[in-house]
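A look at the structure
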Amino acid sequence: MSDGGYSIIHWALIVSACVCTTLIISVWFHMKSSDPYDLFHLDLNKLPGQEKTRPPKTEWLNMGFWKDTQVFPEACEALARKLITAAEIKDGARILDVGHGTGESLILFLTSPSIPRPRSLTGITSLALHHQRSAARVQRLTRSSEGTAIFLYHGDAVYTSTEQQDHPLNFNGASTFDAILALDCAYHFHSRGEFLRQSFHHLTPGGRIALADICFDGEALQRPSLMRSVLKLMPKENMVSMEEYVATMERIGFTDVRLENISKYVFPGFTGFLRGRGIGWSIFCRVLDLYVARGARFVIVSGRR
Ligand SMILES: *[C@@H]1O[C@H](CO)[C@@H](O)[C@H](O)[C@H]1NC(C)=O
């Protein structure tokens, strides 16, 4: 067979396969994008060997830190604890937890003896269902949450309109925090930069922000990538290199900015766990693998006001 003939057929096959896959994935993400997270995570929280019909004990929703475990809820809690450590939270702190899903990180703060007990705990989540479910779950803990004032806000993390009077990051609002946490969510924000600016404004001097987040290897980001522009896992303005991330924080005024690359303890564990859980997750894993191959890095970033 001539080289030319073979490569044209080969090429055509590759191109059509790519176009098909891209279309399918784009449509899938588009359908999901208005409401990407509902309650699918409850199923992921079920422990190995647990009865299928029993509800899970935990409701974690993040990519997890899989260094010392292969169990999803344990990996998720490990990532939450890593973030709490990076924020250097002390007893009696006033905490803002952004993007808390159905409230597992709030519950961790209110119940774990090994985590400093906050004086106040404020939460923001953008999905009404998550907001209501978090409120109901936290309310059921009344005894253990005694001594902590709780305020949960339903809305986008970034304050955008004067109509959002109660928004914790309201520019005219007086609420301040000793620590602000964003556990595996800030890459979705419009935009992360604006969120960081508003957070700086609402931190007490000496207070710390900590984010478990996704950014990119600087060199990989320089290379053009069709995949990155077609499959939008995050707004374009949030696709920054690790160096740019740190520089942005320093420009806003944060000091003692630290960035830890924990990619190898996050992506392989997470996709390994999800593979074999149906077509939707397989596609998701493919996309995530492509992102990692194109330089996506999972990081813990923190800085002090
Ligand atoms: C970040 O971690 C990944 C996975 O371990 C590694 O391939 C990459 O080189 C690291 N990047 C930097 C800048 O440390």
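- As annotated in an unreviewed UniProt entry, the chain carries the name phosphoethanolamine N-methyltransferase and is attributed to Marasmius oreades.

**A look at unusual backbone geometry**
- Each neighbour pair has its own omega, and for His190 with Ser191 the value is -10°, a cis peptide bond.
- Here Ser191 shows up in the loop between strand 4 (177-183) and helix 6 (192-202).
- For Glu88, which is not a glycine, the phi torsion comes out positive at approximately 50°.
- Structurally, Glu88 is set in the loop between helix 3 (72-86) and strand 1 (94-98).
- Judged by its relative accessible area of 30%, Glu88 falls in the partly exposed class.

**Focus on the sheet that holds strand 6 (residues 255-261)**
- With respect to topology, seven strands assemble into an open sheet ordered 3-2-1-4-5-7-6, the strand pairing being mixed. Each edge of the open sheet carries a strand with a single partner, namely strand 3 (149-154) and strand 6. Averaged over all neighbouring strand pairs, the angle between strand axes comes to 15°, with direction disregarded.

**Quick notes on the packing of helix 10 (residues 267-274) against helix 11 (residues 279-293)**
- For the pair helix 10 and helix 11, interaxial distance at closest approach is 9 Å and the crossing angle is 160°. Comparing their axes, helix 11 and helix 10 come out roughly antiparallel. The two elements helix 10 and helix 11 cross, and the hand of that crossing is left-handed. Judged by residue contacts, Phe267, Phe270, Thr271 and Leu274 of helix 10 engage Trp281, Phe284, Cys285, Leu288, Asp289 and Val292 from helix 11.
- Residues belonging to the contact of helix 10 with helix 11 are distributed by class as follows: eight nonpolar, one polar and one charged.

**Quick look at the environment of Ser302**
- Counting through the fold element by element, Ser302 comes out in strand 7 (residues 296-304).
- Between the C-alpha atoms of Ser302 and Met249, which are 53 residues apart in sequence, the distance is 9.0 Å.
- Leaving out residues up to four positions away in the same chain, Ser302 has contacts with Ala86, Arg208, Ile209, Ala210, Met249, Asp256, Val257 and Arg258.
- A polar atom in the side chain of Ser302 sits 2.8 Å from the side chain of Arg208.

**Considering the pattern of salt bridges**
- Applying the stated criterion across every chain yields a total of 15 salt bridges.
- The partner of Asp256 in a salt bridge is Arg258, with the nearest N and O atoms 2.7 Å apart.
- Asp256 serves as the salt-bridge partner of Arg304, at 3.8 Å between the closest nitrogen and oxygen. With Arg304 in strand 7 and Asp256 in strand 6, this residue pair connects regions lying 48 residues apart in the sequence.
- Classification of Asp256 as partly exposed rests on a relative accessible area of 38%.
- Three or more residues are tied together by salt bridges with common partners; here these are Glu88, Arg208, Asp256, Arg258 and Arg304.

Rules of the game
- Residues numbered from 1 in each chain as written.
- Predicted model: local features only at pLDDT ≥ 70, side-chain atom pairs only at ≥ 80, totals over all residues.
- Heavy atoms only, no water.
- Helix = DSSP H or I, 4+ residues; strand = E, 2+ residues; numbered from the N terminus.
- Buried < 20%, exposed > 50% of the residue type's maximum accessible area, 1.4 Å probe, protein only.
- Pairing = 2+ DSSP bridges.
- Axes fitted to C-alpha atoms, helices over the stretch in contact; angles between N-to-C directions.
- Parallel < 35°, antiparallel > 145°, perpendicular 65-115°, else oblique.
- Left-handed = near helix turned anticlockwise from the far one by under 90°.
- Contact = heavy atoms within 4.5 Å.
- Nonpolar A, V, L, I, M, F, W, Y, C, P; charged D, E, K, R; others polar.
- Polar contact = N/O pair within 3.5 Å; in protein donor to acceptor, adjacent residues only side chain to side chain.
- Salt bridge = Lys/Arg side-chain N within 4 Å of Asp/Glu carboxyl O.

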